[in-house]
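# Results of the structural survey
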Amino acid sequence: MSLDAVNTALVLSIIEPERGSSGAAGKRAATPLRVKAAPTYPSPIEMRLLGMADAEQLVFLAIVAVSAKFFRHDLHAPLLAYAQQLVNRGMADAVSTIGMLQALLTLVYWKMPDDTSAWLRVGWAIRLGYQLKMNEVRTTPLPPNEREARIVTDRERTWAVLSCFDGAYQPHNAAGAPGRMVRPKFDLYKWMQETEKLDCPQDWQLVACLELSRIVDLCPSLEEANPSNDNLAGQMMNMLATLFDRHLSPTSTTGKLLAGTSGAVKLRFTYHSVSVRFGRARLISSGFDDDLAVGDFIGRVDQLVLSLEEMAGQGLLDYAQDTIAMTMFRLGEFFYKTFKLKPEMQPTLLRWMTQIYTACNQSAEERPDGVPAYIARFYRTILQSAAALIPLVPNHASSVPEGSAADLGGDNAVPIGLNHLPYHLIRGTAWEQTPITDSSAF
């Protein structure tokens, strides 16, 4: 079906879940989509299209398009192309609605790993948010009418989410790019108490992510070598401990509300990824010479790797989006640099990289174009490159996946796939002149 044909009718009606056999289990517990074709509009892409006039239906189309990525892969490409066309048209026509902003963020969050437009689109969304005056802090209580109250909190929540996007999507190779542009100015906990009656437990997860982002913002300052770093490191450690007690402890409000849900698993991963970012900054600040900083970093990475394995074990890594990939790419880059600088850490680094590769590779079996597949290929390349750097890698064969680093180790080992490594990882090596593509290619 061409986009011109699709344009004759506009968005989708939904969709009943296919009921699986009783007692069915597995990774994809969520039910697949079944989109029915209208009898008057025969289509090989089985979908029924309706007229679309308001922004809520644009959000709905974006949700259906990204859902098809996981449940109806055959429908994903045409639905995504159509949703992107409508959003692009809205951007060109300067459509200023909260639905437009939410649809844009939905498509950015669940974009394909090789889509490099996120930073630009988030920047456009920020401008749209300011134009809608979403940055203005409400000074009156929520309306007594529930629907009106939900409309108000929807705007506030969207602005808070946009702040998370602003921090998560930064250009990989744009020196001097501006930092965070959006910060919610309202009191997060007062807001949560006020909105508690609306029964949105995921808001606690959002508040936790906003607080964690403040720690990430401090990491560049910690990396700088100056006498105040010890004080800053202590403050950041206290912040992490406080946030753990406030959101990850089983007795905390967040812990109770999210107990047993996928949100709890994802929040643990987010917390540990920020914890590792802090540990990395502290290690850089110490020049890799502080044994306490090294030990602290090792403990934090161990927790992150365990959290990644937990996500893979529960089938959640299948639904990962690419901010998780960027977290793991940056960590992999750091592993590779450390591998060359600190020989005594090489066995530990090999273990971590192998665990990450194994977890992602197992999750990538069903979708070779998914985020876990990109992470697995990235770490496999790093393992292969590490095997060429030290002849002793075969001695660690038990900790290296078959067919990757262990098979490529030895005096004559030649790493393959180096044309996929970011250039700055291998600068100064014998492969400096090898053509390199941007890490976003992973």
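The rules we used
Residues numbered from 1 in each chain as written. Predicted model: local features only at pLDDT ≥ 70, side-chain atom pairs only at ≥ 80, totals over all residues. Heavy atoms only, no water. Axes fitted to C-alpha atoms, helices over the stretch in contact; angles between N-to-C directions. Helix = DSSP H or I, 4+ residues; strand = E, 2+ residues; numbered from the N terminus. Parallel < 35°, antiparallel > 145°, perpendicular 65-115°, else oblique. Left-handed = near helix turned anticlockwise from the far one by under 90°. Contact = heavy atoms within 4.5 Å. Nonpolar A, V, L, I, M, F, W, Y, C, P; charged D, E, K, R; others polar. Salt bridge = Lys/Arg side-chain N within 4 Å of Asp/Glu carboxyl O. Buried < 20%, exposed > 50% of the residue type's maximum accessible area, 1.4 Å probe, protein only. Patch = residues over 30% accessible without salt bridge, like charges linked within 9 Å, V, L, I, M, F, W, Y side chains within 5 Å. Areas by Shrake-Rupley, 256 points an atom, 1.4 Å probe, with all protein chains shown as cover. Lys, Arg positive; Asp, Glu negative; His and termini not counted. Charge placed at Lys NZ, Arg CZ, Asp CG, Glu CD. Phe/Tyr/Trp six-rings, centres within 6.5 Å; stacked < 30°, edge-to-face > 60°. Lys NZ or Arg CZ within 6 Å of the ring centre and 35° of its normal. Expected span 1.5 Å × (residues − 1). Polar contact = N/O pair within 3.5 Å; in protein donor to acceptor, adjacent residues only side chain to side chain.

## Observations regarding the packing of helix α3 (residues 73-92) against helix α4 (residues 98-109)
Between α3 and α4, whose axes approach to 10 Å, the crossing angle comes to 135°. As summarised for this structure, α3 and α4 are arranged oblique, according to the angle between their axes. Relative to α4, the crossing made by α3 is left-handed. Across the interface between the two elements, Leu 80, Ala 83, Gln 84, Val 87, Gly 90 and Met 91 from α3 touch Met 100, Ala 103, Leu 104 and Leu 107 from α4. Counted by class, the contact of α3 with α4 contains 8 nonpolar, 2 polar and no charged residues.

## Focus: the pattern of salt bridges
Applying the stated rule across the entire model yields 12 salt bridges. The closest approach of N and O atoms between Arg 72 and Asp 74, which form a salt bridge, is 3.0 Å. According to the relative accessible area criterion, Asp 74 is exposed, its value standing at 52%.

## Here's the deal with a negative patch on the surface
On the surface, Asp 230, Asp 289, Asp 290 and Asp 291 cluster together into a negatively charged patch. Checked against the element boundaries, Asp 289 lands in the loop between α11 (262-285) and α12 (291-313). Judged by relative accessible area, which is 64%, Asp 289 ranks as exposed.

## A word on the packing of aromatic side chains
Under the defined criterion, the tally for this structure stands at 15 aromatic pairs. Judged by centre distance (5.0 Å) and plane angle (85°), the ring pair of Tyr 109 and Trp 110 falls under edge-to-face. In this structure Tyr 109 comes out as partly exposed when scored by relative accessible area, which is 30%. Where Tyr 130 meets Trp 159, the ring centres are 5.1 Å apart and the plane angle is 80°; that geometry is what we call edge-to-face. Of this pair, Tyr 130 sits in helix α5 (residues 118-131) while Trp 159 sits in helix α6 (residues 146-168); the two residues are 29 residues apart in sequence, bridging distant segments of the chain. Following the ring pairs from residue to residue traces out a cluster consisting of Phe 70, Phe 71, Tyr 109, Trp 110, Phe 165 and Tyr 319. Stacked on the ring of Phe 334, the Lys or Arg Arg 280 has its end atom at 5.7 Å from the ring centre. Here the basic side chain of Arg 377 rests over the ring of Tyr 374, its NZ or CZ set 4.7 Å away from the ring centre.

## Re α6
The first and last C-alpha atoms of α6 sit 32 Å apart over 23 residues, in line with the 33 Å expected at 1.5 Å per residue. Buried within α6 are the following residues: Ala 149, Thr 153, Glu 156, Arg 157, Thr 158, Trp 159, Ala 160, Leu 162, Ser 163, Phe 165 and Asp 166. Capping of α6 at its N-terminal end is provided by Asn 145; its side-chain oxygen lies 3.0 Å from the backbone amide nitrogen of Arg 147.

## Some details on the packing of α4 against α6
Running from amino to carboxyl end, α4 crosses α6 at an angle of 35°, the nearest separation of the two axes being 11 Å. The interaxial crossing formed by α4 with α6 has left-handed handedness. Along its contact with α4, which presents Ile 98, Leu 101, Gln 102, Leu 105, Val 108 and Tyr 109, the element α6 presents Asp 154, Arg 155, Thr 158, Val 161, Leu 162 and Phe 165. Classifying every residue of the contact of α4 with α6 by side-chain character gives 8 nonpolar, 2 polar and 2 charged.

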